[in-house]
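Secondary and tertiary structure notes
The primary structure of each chain is shown beneath.
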Amino acid sequence: MRKDLVQPGLEFLASVVVTIVLAMLPITRVLYVSLSLAAAALFLHITWRVTGALRYKIRKRQICCSAAALTLTALLTWGWFSRFAATQTPPPAITVSGNNNVVTGPVSGGQVVGTINNFYSASAPLQGSSPIFSEDTNAHPIFSIGCMNIAPIKGLLDRINRGEPSPFLSFSREGTQTPVISPYVKDGLLTADVSLFAPGQVYEAFSLRGGKFHLLAPNWDVNASERAIEVVNESGVPIFQLIRSSTKHLHIDGLFRTKNAVLFLGRGGLIIQPILGDAANRYVPPTDFLPKMFRYPSWQHPGEMIEPQPARPACPPDSQGIMAISDGVSLPIRE
């Protein structure tokens, strides 16, 4: 090994290290310029030493150093524009839509995750000829009461699809029917008219008609969002909940009462549990009757749901079936 080439070789390794720093590390413009000058000085010094060791004449050494300087200047200039100048011009705007979220500008990792999560949204645009996944608006209506899944058929189904509030659950007293749950389809959505009565009273303490609620009980409260509505009694215990799981699926939980009668719905079972007579008028639901979905008072927390949502009562394994019902259910009440 020629000893006169050892020091230029070490200097060459130093220039390689500087070049790697320039290429890989996230550095500022000032640091880039400083390192570029250091790299240029080292490289030119190495070129001068090597050409001297090879016994080039002075003119030939100057030509080699000039060529090296031009090459290095071109590479460093290209590096400058690729690292800094390109970032001054923002990339084309990218629009991501789905679940009513619109994002413009450079897409971050979080936005990519959001796009993946919104893949099945009916509003997410898809390119090409692939169909957009969406719910069948002509699907069969289903309403779940507690753990019971009910599919209306025949006359009941016809009335529901025509948009007629069709009593599914009623109280019958001396030949008079008092509907408390009446499902129907409105504007393509399965909804229901609902009546709740105060203990021992015959007036409607709460009513839901056409998606609008009316609260008369002075000590009750109600909170709602686009997909759910909840009523709590004077003790803050939820006594009624309606959740729209999809356009044609309603989930109803609660207790429904009139004078001398209480019906329990949505207590984790597959039957309608009644209490009749004075015991019904005296009944007070326990604090854990239903898991509370919203925050109260509603005037302070309008539409604000509890996050995370509490666990609901578990349904038995045999609750996955669907019962076909062609007419409503009426519970006779005696004074």
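Report follows, based on the coordinates. The residue count restarts for each chain, going from 1 along the sequence in the order it is written. Given that this is a predicted model, residues contribute local features only at a pLDDT of at least 70 and side-chain atom pairs are listed and counted only at 80 or more, while totals for whole chains, interfaces and linings are drawn from all residues. Processing note: side-chain calculations cover all non-hydrogen atoms of the structure and skip hydrogens and water entirely.

1. Concerning the environment of Thr-258
Short version of the rule: Think of it this way: any DSSP run of H or I at least four residues long counts as a helix, any run of E at least two long counts as a strand, and we number them from the N terminus. Only heavy atoms matter for contacts: two residues are in contact if any of them lie within 4.5 Å across the pair.
If you trace the backbone, Thr-258 turns up in strand β13 (residues 249–258). A sequence separation of 62 residues divides Thr-258 from Leu-196, and the C-alpha atoms of the two residues are 7.8 Å apart. With residues near it in sequence (within four places) discarded, Thr-258 still touches Phe-171, Arg-173, Phe-197, Gln-201 and Asn-281.

2. Notes on the side chain of Ser-172
So the rule is basically this: Pairs of N or O atoms within 3.5 Å make up the polar contacts considered here, provided that, within protein, one atom can donate a hydrogen while the other can accept it, and that residues adjacent in sequence are counted only when both atoms are side-chain atoms.
Assignment of secondary structure puts Ser-172 in strand β5 (residues 169–173). Among the polar contacts listed, one links the side chain of Ser-172 to the side chain of Gln-177, at a separation of 3.5 Å. Each residue touching Ser-172, except ones within four places of it in the same chain, is listed here: Gln-177, Ser-330, Leu-331, Pro-332 and Ile-333.

3. Side note on helix α5 (residues 154–161)
Selection rule: Relative accessibility under 20% of the residue-type maximum defines a buried residue, over 50% an exposed one, and the middle range a partly exposed one, all with a 1.4 Å probe and only protein chains included. Directions pointing from the helix axis toward each C-beta atom define the arc.
The complete set of buried residues in α5 reads Leu-156, Leu-157 and Ile-160. What you see down the axis of α5 is that its buried residues fit within an arc of 95°, all on one side. Summarising the contacts, the buried residues of α5 are in contact with β3 (142–145), β4 (148–152), β6 (176–186), β7 (189–197) and β16 (322–325). Among the residues trailing α5, Gly-163 stands out with phi positive, at a value near 90°.

4. Some remarks on the pattern of salt bridges
Put simply, the test is: Whenever Lys or Arg places a side-chain nitrogen within 4 Å of a carboxyl oxygen from Asp or Glu, that contact is recorded as a salt bridge.
Overall, the coordinates contain four salt bridges when judged by the stated rule. The shortest N-O distance in the salt bridge between Arg-159 and Asp-327 comes to 3.8 Å. Here Arg-159, found in helix α5, pairs with Asp-327, found in the loop between β16 and β17 (329–332); they are 168 residues apart in sequence, far enough to count as distant. Residue Arg-159 is classed as partly exposed on the basis of its relative accessible area of 27%.

5. Digging into the packing of aromatic side chains
Keep this limit in mind: Only the six-membered ring of Trp is used, alongside the rings of Phe and Tyr, when aromatic pairs are assigned; centres must lie within 6.5 Å, and planes under 30 degrees apart are stacked while those over 60 apart are edge-to-face, with the rest tilted.
Following the criterion strictly, the structure yields four aromatic pairs and no others. When the ring of Phe-206 is compared with that of Phe-240, the centres are 6.1 Å apart and the planes differ by 45°; the resulting orientation is tilted. Of this pair, Phe-206 sits in strand β8 (residues 204–209) while Phe-240 sits in strand β12 (residues 238–246); the two residues are 34 residues apart in sequence, bridging distant segments of the chain. Note on accessibility: Phe-206 and Phe-240 belong to one class, buried. Ring centres of Phe-240 and Phe-256 lie 5.9 Å apart, and the angle between their planes is 80°; on these two criteria the pair is classed as edge-to-face. Of this pair, Phe-240 sits in strand β12 while Phe-256 sits in strand β13; the two residues are 16 residues apart in sequence, bridging distant segments of the chain. The exposure class of Phe-256 is buried, given its relative accessible area of 0%. An aromatic cluster of at least three residues, connected via ring pairs, comprises Phe-206, Phe-213, Phe-240 and Phe-256.

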